[in-house]
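Structural characterization, general
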Amino acid sequence: MLRWLDMMAARQPLRRVALDVGMHAAAGMVDFLPQMKERLATCTLIEDVEYARHGDITLRLDILQPQGLGPHPVLIYLHGGAFAIGSKRTHRALAAAYASRGYLVCNIDYRLAPQFPFPAALEDACAAWLWVADHVGSYGGDRQEMGLAGESAGANLALAITLACCTRRPEPFAAPLFERGLRPVVTLLYYGFLQASMPQRYRRSGVSAFAASIATDAARSYLGKSANHPTAEHALADPLCVIEAMAVAPTLPPVFIAAGLDDPVAADSQRLEQALQRLQLAHSAHYYPGETHGFHVMFWREQAVRCWRDSFEFLRRYLPIPVVV
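Predicted model only: the values in this text are computed from it and were never measured.

So, on to the overall build of the protein. Across its full length, the protein holds eleven helices and eight strands. Rg of the C-alpha trace for the protein: 18 Å, near the compact-globule value of 20 Å for 325 residues, within the 12% margin. Projecting the C-alpha coordinates of the protein onto the three principal axes gives extents of approximately 55 × 50 × 45 Å. By residue count, 55% of the 325 residues in the protein fall in the buried class. Of the contacts formed within the protein by residues at least 6 apart in sequence, a portion of 75% connects residues at least 24 apart. Accessible surface computed for the protein: about 14,000 Å², of which carbon and sulfur atoms make up 57%. A gap of 2 Å separates the mean positions of the 30 positive and 30 negative side-chain charges of the protein.

Encoded structure:
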């Protein structure tokens, strides 16, 4: 309740508050589904582990620890929600899908816009990466086998962290990741909102006025007045553009890309695929006809099943579960 009172006090639109309430209510109901019960039975849920503090704000993550002694390969999961809604609670089912396959999953909460605009979410995500690198061994995780996954805005953060780990960045919150020298083994991006700025690009044929308004709202809440005029300080809000501007290929991990072809944001995934092809970097891109934003959370749909199958095949190739002899 306090969460939503804070959102209203920050003058968040009522439709955004209502959507966040609905997402959390749906997450609570999902816990009672047989498939979710089966997944949670395969792992231990460790809730609300503190990974950083900002003033009086405590940032927390959940750990879904698979059965067995490990060490387990690790996935850091970053939820979506236009940088403004959602939480580790709303996306627990997605984290559990990986944990049930044998991955130790760190499911991250981060500060949300517009109360905390860019770069707050990315600062938190970077802090989470460093915390996991330092502490995951205590939970049976293998810090040398860590990957990133996220959808929508979470995919934006996952790609930005990947860049921070693999390229030397000027941002003070990003520089420590490169200096640590620990690189993600894989990065999985589901229908990524990979360029937060310039939302006017959604006002085009084939994109509804409603979808364009959502993209505009997300950009403005995250970037404020800089949404249409980003500066160099906002570069990592647009990790796609950073990669597109590269003339020389960095050492990036294999990237999994998934998007529905009826999703206006699919263009970001297609642009990333083209940029990775040009740079001759390892990637695996998958597009699902007739699907729009958020489709892979509907586990019962045929294309969602296909998407999860594709992502697990990618993980088997690049971040496999150790075989216990």
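Moving on from the model shown.
Moving on: the side chain of His296. Residue position: His296 is located in the loop between strand 8 (283-288) and helix 11 (302-318). In this structure His296 touches Tyr77, Leu94, Glu151, Tyr190, Tyr191, Ala304, Cys307 and Trp308, once residues within four positions along its chain are discounted.

In this structure, the amide linkage connecting Gly70 to the following residue, Pro71, adopts the cis form with an omega of 5 degrees. You can see Pro71 is positioned in the loop between strand 2 (57-66) and strand 3 (72-78). Of note, the bond from Ala113 into Pro114 is cis; its omega dihedral lies within 30 degrees of zero at 0 degrees. Take Pro114: it is sitting in the loop between strand 4 (104-108) and helix 5 (120-135).

To continue, consider the environment of Ile161. With respect to the helices and strands, the residue Ile161 is situated in helix 6 (residues 153-166). A relative accessible area of 0% places Ile161 in the buried class. Residues Ile161 and Leu315 lie 154 residues apart in sequence; the distance between their C-alpha atoms is 19 Å. Look past the residues within four positions of Ile161 in its chain and what remains in contact with it is Leu78, Leu122, Ala125, Cys126, Trp129, Leu148 and Leu177.

Moving on to helix 4 (residues 92-99). Extensive coverage of helix 4 is indicated by the burial of eight of its eight residues. Among the residues of helix 4, Arg92, Ala93, Leu94, Ala95, Ala96, Ala97, Tyr98 and Ala99 are the ones counted as buried.

Read across the open sheet, the eight strands follow the order 1-2-4-3-5-6-7-8; overall the sheet is mixed. Pairing within the sheet leaves two strands with one partner each, and these edge strands are strand 1 (43-54) and strand 8. Pairwise comparison of adjacent strand axes, ignoring direction, gives a mean angle of 20 degrees for this sheet. As paired strands, strand 5 (residues 141-151) and strand 6 (residues 187-190) are joined by four bridges and run parallel to one another.

Our focus in this paragraph is the packing of helix 3 (residues 34-41) against helix 4. It is the contact of helix 3 with helix 4, at a shortest axis distance of 9 Å, that shows an interaxial angle of 55 degrees. Classified by the angle their axes make, helix 3 and helix 4 are oblique. Read as a crossing pair, helix 3 and helix 4 show a hand that is left-handed. For the pair formed by helix 3 and helix 4, the contact residues are Met36, Arg39 and Leu40 on the first element and Arg92, Ala93, Ala96 and Ala97 on the second.

Once that is clear, we can look at the environment of Leu14. Summarising the element assignment, Leu14 is placed in helix 2 (residues 14-30). C-alpha of Leu14 to C-alpha of Ala127: the two residues are 113 residues apart in sequence and 31 Å apart in space.

What follows is about the pairing of strand 1. Where strand 1 lies against strand 2, nine bridges are found, and the strand directions are antiparallel. Note that in strand 2 the partner of Cys43 across the bridge is Pro66. The loop that links strand 1 with its antiparallel partner strand 2 comprises two residues; one of these, Gly55, has a positive phi angle of about 60 degrees.

About the criteria used
- Every chain's residues receive numbers from 1 upward, in the order its sequence appears when written.
- Whole-chain, interface and lining totals are the exception, using all residues; otherwise, since this is a predicted model, local features are given only for residues with pLDDT of at least 70 and side-chain atom pairs are given and counted only at 80 or more.
- To obtain the side-chain values, all non-hydrogen atoms of the structure were included, while hydrogens and water were left out.
- Runs of H or I in DSSP of at least four residues are treated as helices and runs of E of at least two as strands, each being numbered from the N terminus.
- To get the radius of gyration, use the C-alpha atoms; to get the globule rule, take the number of residues to the power 0.38 and multiply by 2.2 Å.
- Exposed residues in this analysis have more than 50% of their type's maximum accessible area, buried residues have under 20%, and partly exposed residues fall in between, with area computed by a 1.4 Å probe over protein chains only.
- Contacts are assigned to residue pairs with any non-hydrogen atoms lying within 4.5 Å of each other.
- Using the Shrake-Rupley algorithm and a 1.4 Å probe, accessible areas are obtained, with residue cover drawn only from the displayed protein chains.
- The charge count treats Lys and Arg as positive and Asp and Glu as negative. His and the chain ends do not count.
- Charge coordinates come from a single atom per side chain, which is NZ of Lys, CZ of Arg, CG of Asp or CD of Glu.
- Pairs of strands are assigned from DSSP output, requiring at least two bridges between the strands.
- Axes here refer to lines fitted to C-alpha atoms; in helices the fit is confined to the stretch in contact. Angles between the N-to-C directions go from 0 to 180 degrees.
- Note that the term roughly parallel is reserved for angles under 35 degrees, roughly antiparallel for angles over 145, roughly perpendicular for angles of 65 to 115, and oblique for everything else.
- Crossing handedness is read from the near helix: turned anticlockwise from the far helix by less than a right angle, it gives a left-handed crossing, and turned clockwise, a right-handed one.

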